[in-house]
Amino acid sequence: MKHILVIGGAGYIGSHTVRMLAQQGYQPVVLDNLSKGHREAVSNYPFELGDLGDKALLTRIFQKYPIEAVMHFAAFIEVGESVKEPSKYYHNNVAQVLNLLDSMVENHVKYFVFSSTAATFGEPVKPKIDETHPQNPINPYGNTKLMVEKMLADFDTAYGLKATALRYFNASGADDSGEIGESHNPESHLIPIVLQAAAGKRPSIKVFGDDYPTADGTCIRDYIHVNDLARAHILALEKMMKEDKSERFNLGSGTGFSVAELIKEAKKITGIDFKVEVAPRRAGDPAVLVADSTKAQQVLGWKPEYSLTRILQTAWNWEQNRKY
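### Brief notes about the environment of Tyr12
Relative to the helices and strands, Tyr12 resides in helix H1 (residues 12-23). Distance in space between the C-alpha atoms of Tyr12 and Lys150 is 25 Å, their sequence separation being 138 residues. Ignoring sequence-local partners within four residues, the contact set of Tyr12 consists of Ala171, Ser172, Gly173, Gly181, Glu182, His184 and Val226. A polar contact is formed between the side chain of Tyr12 and the backbone oxygen of Ser172, at a distance of 3.1 Å.

### Quick notes on empty space enclosed by the protein
As enumerated under the stated definition, the model contains one cavity of 30 Å³ or more in all. Of the pockets and cavities examined, the largest cavity occupies roughly 40 Å³. Taken together, Gly173, Ala174, Glu182, Pro192, Ala315, Trp318 and Glu319 form the lining of the largest cavity. A per-element tally of the lining of the largest cavity places helix H10 (residues 308-320) first, with three residues. Each residue belonging to the lining of the largest cavity can be placed in one class, and the counts come to four nonpolar, one polar and two charged.

### What to know about the packing of helix H4 (residues 86-106) against helix H5 (residues 140-159)
One way to put it is that H4 packs onto H5 with a least axis distance of 9 Å and a crossing angle of 15°. Comparing their axes, H5 and H4 come out roughly parallel. The handedness of the crossing between H4 and H5 is right-handed. Along the contact surface, H4 presents Pro86, Tyr89, Tyr90, Asn93, Val94, Val97, Leu98, Leu101, Asp102 and Val105, while H5 presents Pro140, Tyr141, Asn143, Thr144, Met147, Val148, Met151, Leu152, Phe155 and Tyr159. The residue makeup of the contact of H4 with H5, split by class, is 16 nonpolar, three polar and one charged.

### Quick word on the side chain of His233
Structurally, the position occupied by His233 is in helix H7 (residues 226-243). Residues contacting His233, with those up to four places away along its chain left out, are Thr17, Met71, Phe73, Val113, Ser115, Leu166 and Tyr168.

### Points about the sheet that holds strand S14 (residues 288-289)
Reading across the sheet, the three strands line up as S12-S9-S14 and stay open at both edges, with mixed pairing between neighbours. Across the chains shown, the open sheet's two edge strands, defined by having one partner strand only, are strand S12 (257-258) and S14. Strand direction decides the pairing type here: strand S9 (residues 220-221) and S14, joined by two bridges, are parallel. In the sheet register, Arg221 faces S14, and the bridge partner there is Leu289.

### Here's the deal with the packing of aromatic side chains
Applying the stated criterion across every chain, the model contains four aromatic pairs. Positioned over the ring face of Phe47 is Arg39, at 4.2 Å from the centre of the ring. Sitting over the ring of Phe249, Lys295 keeps its end group 5.1 Å from the ring centre.

### Quick notes on the nonpolar core
Taken as a class, soluble globular proteins show a tendency for nonpolar side chains to be buried jointly. Grouped together as the largest cluster of nonpolar side chains are 36 residues, with contacts concentrated most on Ile4, Ile13, Leu237 and Leu251. Mapped by element, the contributors of at least two residues to this core are strand S1 (3-7), H1, strand S4 (67-72), strand S5 (111-117), strand S6 (162-168), H7, strand S11 (247-251) and helix H9 (294-300). When residues no more than four places from it in sequence are discounted, the contact partners of Ile13 are Phe73, Tyr168, Ala171, Val226 and Leu229. Ranked by size, the runner-up nonpolar core spans 28 residues in total, among them Phe62, Leu100, Leu152 and Ala165.

### Things to note about the pairing of S4
If a strand is regular, its side chains alternate between the two faces of the sheet. The buried count for S4 comes to five of six residues, which makes it a mostly enclosed element. Strand direction decides the pairing type here: S1 and S4, joined by five bridges, are parallel. Bridged to Leu5 within S4 is Val70. Two elements, S4 and S5, share three bridges in a ladder whose sense is parallel. Bridging from a neighbouring strand, Met71 pairs with Val113 of S5.

### What to know about the pattern of salt bridges
Applying the stated criterion across every chain yields a total of 23 salt bridges. Between Glu319 and Lys201 there is a salt bridge, with its nearest N and O atoms 2.6 Å apart. With Glu319 in helix H10 and Lys201 in the loop between helix H6 (190-198) and strand S8 (205-208), this residue pair connects regions lying 118 residues apart in the sequence. Close ionic contact of Asp273 with Lys267 constitutes a salt bridge, the shortest N to O distance being 2.8 Å. Residue class for Asp273 comes out exposed when judged on its relative accessible area of 65%. Assessed through its relative accessible area of 23%, Lys267 is described here as partly exposed. Salt bridges sharing partners connect three or more residues here, namely Arg19, Asp175 and Glu179.

What counts and how
- Residues numbered from 1 in each chain as written.
- Predicted model: local features only at pLDDT ≥ 70, side-chain atom pairs only at ≥ 80, totals over all residues.
- Heavy atoms only, no water.
- Helix = DSSP H or I, 4+ residues; strand = E, 2+ residues; numbered from the N terminus.
- Contact = heavy atoms within 4.5 Å.
- Polar contact = N/O pair within 3.5 Å; in protein donor to acceptor, adjacent residues only side chain to side chain.
- 1 Å grid on protein atoms, 1.4 Å probe; cavity = no way out; pocket = protein on both sides within 12 Å on 5 of 7 lines; lining within 4 Å.
- Points joined across faces, edges and corners; volume = space filled by probe spheres on them.
- Nonpolar A, V, L, I, M, F, W, Y, C, P; charged D, E, K, R; others polar.
- Axes fitted to C-alpha atoms, helices over the stretch in contact; angles between N-to-C directions.
- Parallel < 35°, antiparallel > 145°, perpendicular 65-115°, else oblique.
- Left-handed = near helix turned anticlockwise from the far one by under 90°.
- Pairing = 2+ DSSP bridges.
- Phe/Tyr/Trp six-rings, centres within 6.5 Å; stacked < 30°, edge-to-face > 60°.
- Lys NZ or Arg CZ within 6 Å of the ring centre and 35° of its normal.
- Core = buried A, V, L, I, M, F, W, Y, C linked by side-chain atoms within 4.5 Å.
- Buried < 20%, exposed > 50% of the residue type's maximum accessible area, 1.4 Å probe, protein only.
- Salt bridge = Lys/Arg side-chain N within 4 Å of Asp/Glu carboxyl O.

As structure tokens, then:
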């Protein structure tokens, strides 16, 4: 049984990946400081409480468990906050990862799966973003992720540390079981905010900007289900360990939906006509972000299985019966 260290494994995408790793015969070991994650989401798995900036802790973990690979989900992810507090983002998303990579090299752990982001691309210059698209981030969050991607390339050249960077578009939805789902405090992602408005937990949903150069003036995004992302992590890990090769993949559905379209579909699924308000644009938000995931489909044999409707249905089921 392969032991995989999942850092940030009690968080949203991490916990779904931990669950799927276990289902596929791996032994996930979770490291999380619980600043954003939830212990309840990973209660059935080996758990280490702490911070990836703690090198002594990392060394103890690598000595305690026969770790063969590391998955990293412990970044701060809010674009708006990164603009206001860049120091926080560079410290956690870059400096802490450097500490982790040093520890991996010292402990001879050579496989790393990194949660990157579509934010590394900045404003699109193509209708759909593939791996050859220029990387020109327009916010500190995107900058931090691109810096780590560059660090990984250098660590491969110098130390032979193999890494696969997975650039997500908009992670969304919840596990079909309803046992784990999305739970941030404060919540910053559109789908749970929309569904909290439908559930009466918020007075309204704010749409940030209705004057973008899109058909209805609202931002267009590519929504990808969290379990589709989890599956891609495992496929990427297996491919990397088999071929001993670093890679980069863009992960999205390949279809864009505007904020207005998403809200309309959410109202249809919930049967609730909640209040929608228009607010000014947020700094650092591109008008359109849609993935071209052809490479992941061809190289990994990966294909998204969840439609936007099903994404919203799983998220609504979680919102109505959330466990944490």
